[in-house]
Amino acid sequence: QFPFGRRLPCDIYWHGVSFHDNNIFSGQVNKFPGMTETVRKITLSRAMRTMRDLFPLEYNFYPRSWILPEELPLFVAEVRMMKDSNPSWKPTFIVKPDGGCQGDGIYLIKDPSDIRLTGSIQSRPAVVQEYICKPLLVDKLKFDIRLYVLLKSLEPLEIYIAKDGLSRFCTEPYQEPTLKNLHQVFMHLTNYSLNIHSGNFIHSDSANTGSKRTFSSILCRLSSRGADVKKLWSDIISLVIKTIIALTPELKVYYQSDIPAGKPGPTCFQILGFDILLMKDLKPMLLEVNANPSMRIEHEQELSPGVFENVPSPVDEKVKVAVIRDTLRLMDPQKKKRKDTQCLLYPGVADGKLQLEPVRIQVKYGMKDKQHKHHSLKLSLKLKFYLKLGLCQSSEPGASSEPPDAAPGPEAALPSLCLKQVFPKYARHFSYLRLVDRVAALFIRFLGVKGTTKLGPTGFRTFIRNCKLSNSNFSMAAVDILYIDITRRWNSMAIDHKETGMCLQAFVEAFFCLAQKKYKALPLHKQVLSLIELCECRLAALHGKRLVWGCG
């Protein structure tokens, strides 16, 4: 740890909350630029809606959503229309503040008129979603699943899923929402940070009981009832891959802005927390994605009124320590250099001595990270065992980089990886979904100025001209009008007004509009694919001509 600043470059930088260090030119950082913004509820909902427009059947695992306040009239109109067509439909909706966490500000409603239209809705945008009224229950309680996902690389895309996760339970028996029980958060909201304050919350050292259990214990229980657990896991893997595919276009724009191609910079990886709810028929539904999932391995216990003590949580420790340990194993920069790749702990023996190449890890906390520091340090103590065995060298003051006198015994061997690769392993099943990724590549190509995330009018005109998309029916004047209309609308919805121009989401909308004009007879995903292939082909031909001109 470097409380007074860093002097030596490190192999791995472990940041507390977000990517916030502009002085890193090498190594690996445990955060992606822009990840926090990309997984916010509004941005995630927009990304999932775009993918659902392209592939309705593949993206039916995310609840139908509306963005407040801008889509409030649309929300009211659609609900009224659905009720008119089906009078027996009695929906419930859940309102979630965009930047909220730990259940803060969430409430349930039965009718659009129940939305709390105070001044806060303007200053604090929100997402309203259809509430899942028929969840799977265990012991008559509603629960959700926290799964840990490692995004190891953006390009090429590489995703790992932890083989175990956490199941977090409500603390009051579940009943379908009524006007009488809508306010009962301990019945409807699974957030640990809320239910911990319930008198019914049960701390347990067992993975099979209590208000927080391992996901594997739930799977065992379902398997004993005859449920198809393999299919459930397959559906969860599919959900995770499809969600990451929806998020990567926006992430790539942020990435090229903070770490421009051709300039020295670190590579990135990140542990994400996926919150998933199982329906009665075992269909997994995505609730949200957390850029900074809690890695606490203890809980607070009240000894007397107002006096709390941190008590170890075996369930948290079992899942979270394994995730961080194996993330470090996968990201270990010296792994490829070691002669003996069979065992990470025994890098090679020469002249009877263990040859260790140390890996420096820096743990950095920004001003906003101080509250997380204590809990992160407690977890790091659990990792010291692996650090001392030579997996990596701690950058704590006084930490020795000298190899041990003797090789560790068999009892020190690391367990098998708890992280399972799912992409590119299953890439052939999902690659056809990556259309917006290819649209984002076109967007980035025409950004022009390195470090920007928005496309100016000149860049948009150059894109149209180079791809030869203008004609007698679509003049350059019409191109300018399209740019102005879409950009102005998206900028009016943006929270951050620091940078002007066309954002990626606005470019995607414009691209879809152009595809629909050009290929009217095709379904949307084929329209978009056809336009992508046309643009890529014409840009490749233009590049070839320029090479010939250069040689000439």
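Residues numbered from 1 in each chain as written. Predicted model: local features only at pLDDT ≥ 70, side-chain atom pairs only at ≥ 80, totals over all residues. Heavy atoms only, no water.

By the naming in an unreviewed UniProt entry, the protein chain is TTL11 polyglutamylase, taken from Urocynchramus pylzowi.

Colleague: Hey, could you run me through helix α15 (residues 504–518) in this one?
Modeller: Under the 1.5 Å per step criterion, the end-to-end length of α15 is 21 Å for 15 residues, consistent within 8% with the ideal 21 Å. Of all the residues in α15, the buried ones are L504, Q505, A506, F507, V508, A510, F511, F512, L514 and A515. (Helix = DSSP H or I, 4+ residues; strand = E, 2+ residues; numbered from the N terminus. Expected span 1.5 Å × (residues − 1). Buried < 20%, exposed > 50% of the residue type's maximum accessible area, 1.4 Å probe, protein only.)

Colleague: What am I meant to see in the nonpolar core here?
Modeller: One broad trend across soluble globular proteins is that nonpolar side chains are buried collectively. F274, F460, F463, F511 and V528 are the most contacted members of the largest nonpolar core, which has 102 residues in total. Ranked by the residues each element gives to this core, the list is headed by helix α8 (residues 229–258), at 14 residues. Excluding anything up to four places from it in sequence, F274 contacts I145, R146, L147, V149, L239, V240, T243, I244, L286, E288 and V289. (Core = buried A, V, L, I, M, F, W, Y, C linked by side-chain atoms within 4.5 Å. Contact = heavy atoms within 4.5 Å.)

Colleague: Help me understand the sheet that holds strand β3 (residues 65–68) in this model?
Modeller: Where strands meet in a sheet, backbone hydrogen bonds hold them as pairs that are either parallel or antiparallel. Judged by pairing direction, the sheet is antiparallel, and its four strands sit side by side in the order β3-β6-β4-β5 without closing on themselves. Edge strands, defined here as strands with exactly one partner in the open sheet, are β3 and β5 (107–109). Direction aside, the axes of adjacent strands within the sheet are offset by 25 degrees on average. Alignment of β3 against strand β6 (residues 126–130), held across four bridges, turns out to be antiparallel. By the bridge assignment, S65 is partnered in β6 with Q129. Of the strands in this sheet, β3, β4 (93–97) and β6 touch helix α2 (residues 41–54), which is tilted by about 140 degrees from β3. Here helix α3 (residues 72–85) sits on the sheet in contact with β3, β4 and β6, set at roughly 145 degrees to β3. (Pairing = 2+ DSSP bridges. Axes fitted to C-alpha atoms, helices over the stretch in contact; angles between N-to-C directions.)

Colleague: Whenever I open this one, the confidence of the model for the protein chain confuses me. Can you help?
Modeller: Detailed reading of the predicted model is not advised wherever pLDDT is low. For the protein chain, the mean per-residue pLDDT works out to 83, and 81% of the residues sit at or above 70. Mean pLDDT across the elements of the protein chain bottoms out in strand β17 (residues 349–350) (37) and peaks in strand β9 (residues 158–162) (98). Overall, residues 385–390 carries pLDDT values under 50, and its contacts beyond four positions in sequence, including any with other chains, amount to 13 contacts. (pLDDT = per-residue confidence, 0-100.)

Colleague: Before we go on, may I ask you to explain the pattern of salt bridges in this structure?
Modeller: A side chain with one charge can pair with a side chain of the opposite charge if their charged atoms come near. For the coordinates displayed, the defined rule picks out 24 salt bridges. Measuring nitrogen to oxygen at the nearest pair gives 3.0 Å for the salt bridge that ties R40 to D98. Of this pair, R40 sits in the loop between α1 (35–38) and α2 while D98 sits in the loop between β4 and β5, and the two are 58 residues apart along the sequence. Residue D98 is classed as buried on the basis of its relative accessible area, which comes to 4%. Between K320 and D316 there is a salt bridge, with the nearest N and O atoms lying 3.0 Å from each other. Residue K320 and its partner D316 are located together in helix α9 (residues 314–331), separated by four residues, close to a single helical turn. Under the relative-accessibility criterion, K320 is labelled buried at 3%. (Salt bridge = Lys/Arg side-chain N within 4 Å of Asp/Glu carboxyl O.)

Colleague: Just to check I follow, could you spell out the pairing of strand β15 (residues 298–304) for this structure?
Modeller: Regular strands place side chains that alternate from one sheet face to the opposite one. Here six bridges tie β15 to strand β16 (residues 307–312), and the two strands are oriented antiparallel to one another. By the bridge assignment for β16, E302 is matched with F308. Taken together, β15 and the strand that follows it, β16, pair antiparallel across an intervening segment of two residues, in which G306 is found at a positive phi of about 85 degrees.

Colleague: Would you take a moment to explain the pairing of β6 for this structure?
Modeller: Most of β6 is tucked away, with four of its five residues classed as buried. Two elements, β4 and β6, share five bridges in a ladder whose sense is antiparallel. Looking across to β6, one finds that P97 is bridged to A126.

Colleague: What exactly am I supposed to notice about the packing of helix α14 (residues 476–493) against α15 here?
Modeller: The description of two packed helices rests on the angle between their axes and on the distance between the axes. It is at 9 Å that the axes of α14 and α15 come closest, and there the two elements cross at 140 degrees. As summarised for this structure, α14 and α15 are arranged oblique, according to the angle between their axes. Remark: the crossing between α14 and α15 carries right-handed chirality. Of the residues in α15, those in contact with L482, I486, R489 and W490 of α14 are Q505, A506, E509, A510, C513 and L514. When grouped by side-chain class, the residues that make up the contact of α14 with α15 number seven nonpolar, one polar and two charged. (Parallel < 35°, antiparallel > 145°, perpendicular 65-115°, else oblique. Left-handed = near helix turned anticlockwise from the far one by under 90°. Nonpolar A, V, L, I, M, F, W, Y, C, P; charged D, E, K, R; others polar.)

Colleague: How do you make sense of the packing of aromatic side chains when you look at a structure like this?
Modeller: Aromatic ring pairs: the centre-centre distance and the angle between the two ring planes describe each pair. Counted by the stated rule, this structure contains 19 aromatic pairs. Considering the side-chain rings of W89 and F93, the 6.3 Å spacing of their centres and the 85 degrees angle between planes classify their relative orientation as edge-to-face. Feature note: the residues F443, F446, F460, F463, Y483, F507 and F511 constitute an aromatic cluster, connected by ring pairs. The lysine or arginine in question, K212, covers the ring of Y192, its NZ or CZ lying 3.8 Å from the ring centre. The ring of F169 carries R213 above its face, with NZ or CZ at 4.1 Å from the centroid. (Phe/Tyr/Trp six-rings, centres within 6.5 Å; stacked < 30°, edge-to-face > 60°. Lys NZ or Arg CZ within 6 Å of the ring centre and 35° of its normal.)

Colleague: Just checking my understanding: could you explain unusual backbone geometry for this structure?
Modeller: What is expected of a backbone is that most residues other than glycine have negative phi and most peptide bonds are trans. Residues E155 and P156 are joined by a peptide bond in cis, for which omega reads 0 degrees. Topologically, P156 is positioned in the loop between β8 (141–153) and β9. Following F423, the chain continues to P424 via a peptide bond in cis, the omega torsion being 15 degrees. With respect to the secondary-structure elements, P424 resides in the loop between β21 (419–423) and α11 (427–430). The phi angle at D139 is positive, at roughly 55 degrees, despite the residue not being glycine. Structurally, D139 can be placed in the loop between β7 (137–138) and β8. The phi angle at L282 is positive, at roughly 70 degrees, despite the residue not being glycine. Position of L282 relative to the elements: it lies in the loop between β13 (270–278) and β14 (284–290). Given the relative accessible area of 17%, L282 is considered buried.

Colleague: Where do I start with the environment of I202 in this structure?
Modeller: Within the fold, I202 resides in the loop between α6 (192–195) and β11 (212–214). Measuring from C-alpha to C-alpha, the distance between I202 and T171 comes to 8.4 Å, with 31 residues separating the pair along the chain. Apart from the residues lying within four places of it in its own chain, the contact partners of I202 are G210 and S211.

Colleague: Where do I start with the side chain of Q256 in this structure?
Modeller: Considering the arrangement of structural elements, one finds Q256 in helix α8. A polar atom in the side chain of Q256 sits 2.8 Å from the backbone oxygen of T452. Ignoring anything within four residues of it in the chain, the contact list for Q256 reads I444, L447, G451, T452 and T453. (Polar contact = N/O pair within 3.5 Å; in protein donor to acceptor, adjacent residues only side chain to side chain.)

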